[in-house]
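# Overview (structure and organization)
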Amino acid sequence: MDFLGTIGILAGTLTTLSFLPQVLKVWSNKSAGDISFGWLLTFLTGILLWAFYGLRIGSFPVLISNIVTILLVLIILVFKIRFR
């Protein structure tokens, strides 16, 4: 793997993992009241588009990091609905 591929994987890993503390906080507090539905839906749409883009250009770092982020955002969305 080249230098830019390594940077892409590191960037994707860090930005994706940044959602993990939020997921854990929502789960432990059993509340997602401070998280906007509008933000979640807008962000999810953007991440879906990034994943599609990563797929189309054949970029493993872009695709995988966005798929994992999609899963984490969906978990927050489910918690937002469940803990209403």
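One can find the structure itself at the top, above this paragraph.
Residues numbered from 1 in each chain as written. Predicted model: local features only at pLDDT ≥ 70, side-chain atom pairs only at ≥ 80, totals over all residues. Heavy atoms only, no water.

## Describing the overall build of the chain
Note the following rule: A run of DSSP states H or I qualifies as a helix once it reaches four residues; a run of E qualifies as a strand once it reaches two. Both are numbered from the N-terminal end. We call a residue buried when its accessible area falls under 20% of the maximum for its residue type, exposed when it is over 50%, and partly exposed in between, using a 1.4 Å probe and counting protein chains only.
Along its length, the chain carries four helices and zero strands. Each helix and strand of the chain, ordered N terminal to C terminal, gives the series α-α-α-α. Oriented by its inertia axes, the alpha-carbon framework of the chain measures out at about 45 × 20 × 15 Å. Here the chain, with 84 residues, has 32% of them falling under the buried criterion.

## Overview of the packing of aromatic side chains
Quick reminder of the rule: For Phe, Tyr and Trp, rings pair up if their centres lie within 6.5 Å, where Trp contributes its six-membered ring, and each pair is then called stacked (planes under 30 degrees apart), edge-to-face (over 60) or tilted (otherwise). Over a ring means this: the NZ of a Lys or the CZ of an Arg is within 6 Å of the ring centre and within 35 degrees of the ring normal.
Tallying each qualifying case throughout the model produces seven aromatic pairs. Clustering of aromatic rings is evident, with ring pairs tying together F19, W39 and F43. The side chain of K30 reaches across the aromatic face of W27, ending 3.7 Å from its centre. A cation over a ring is seen here: K80 above F37, with NZ or CZ 5.2 Å from the ring centre.

## Looking at the layout of surface pockets
Our working rule: Using a grid of 1 Å spacing that covers the protein atoms alone, one calls a set of points a cavity when a 1.4 Å probe fits there but cannot get out, and a pocket when the set is open and has protein on both sides within 12 Å along at least five of seven lines; lining residues are those with an atom within 4 Å of a point. Grid points are joined across faces, edges and corners, and a volume is the space filled by probe spheres set on the points.
A volume near 200 Å³ is recorded for the largest pocket. Every element with two or more residues in the lining of the largest pocket is listed here: α1 (3–17), α3 (37–57) and α4 (60–82).

## What about a nonpolar patch on the surface?
The line we're drawing: Here a patch means residues that are over 30% exposed by relative accessible area and free of salt bridges, tied together within 9 Å if like-charged and within 5 Å if nonpolar (Val, Leu, Ile, Met, Phe, Trp, Tyr). The Shrake-Rupley method, run with a 1.4 Å probe, gives the accessible areas here. Residue values count only the displayed protein chains as cover. The rule for a salt bridge is simple: a side-chain nitrogen of Lys or Arg has to be within 4 Å of a carboxyl oxygen of Asp or Glu.
Taken together, the side chains of M1, I9, F60, I64, I67, V68, L71 and L74 define a hydrophobic patch exposed on the protein surface, amounting to about 730 Å² of accessible area. Among the elements that make up the nonpolar patch, the one with the highest residue count is α4 (six residues). Structurally, V68 can be placed in helix α4. Among the residues examined, V68 registers a relative accessible area of 36% and is labelled partly exposed.

## Points about the packing of α1 against α4
Helix-helix packing: each pair is described by the crossing angle between the helix axes and the interaxial distance. Definition in use: Geometry is summarised by axes, namely lines fitted to C-alpha atoms with helices restricted to the contacting stretch, and by angles between N-to-C directions that run from 0 to 180 degrees. What sets the label is the angle itself: under 35 degrees gives roughly parallel, over 145 gives roughly antiparallel, 65 to 115 gives roughly perpendicular, and the rest give oblique. Residues are treated as being in contact if the distance between any of their heavy atoms lies within 4.5 Å. Residues are grouped as follows: Ala, Val, Leu, Ile, Met, Phe, Trp, Tyr, Cys and Pro are nonpolar; Asp, Glu, Lys and Arg are charged; all remaining types, including Gly, are polar.
Put simply, α1 and α4 touch, their axes get as near as 9 Å, and they point 5° apart. Judged by the inter-axis angle, α1 sits roughly parallel to α4. For the pair α1 and α4, contact is made by G5, G8, I9, G12 and T16 and by P61, S65, V68, T69 and L72, respectively. By residue class, the composition of the contact of α1 with α4 is four nonpolar, six polar and no charged.

## Looking at the environment of R82
Secondary-structure assignment places R82 in helix α4. Residue R82 is classed as exposed on the basis of its relative accessible area, which comes to 57%. Distance in space between the C-alpha atoms of R82 and P61 is 32 Å, their sequence separation being 21 residues.

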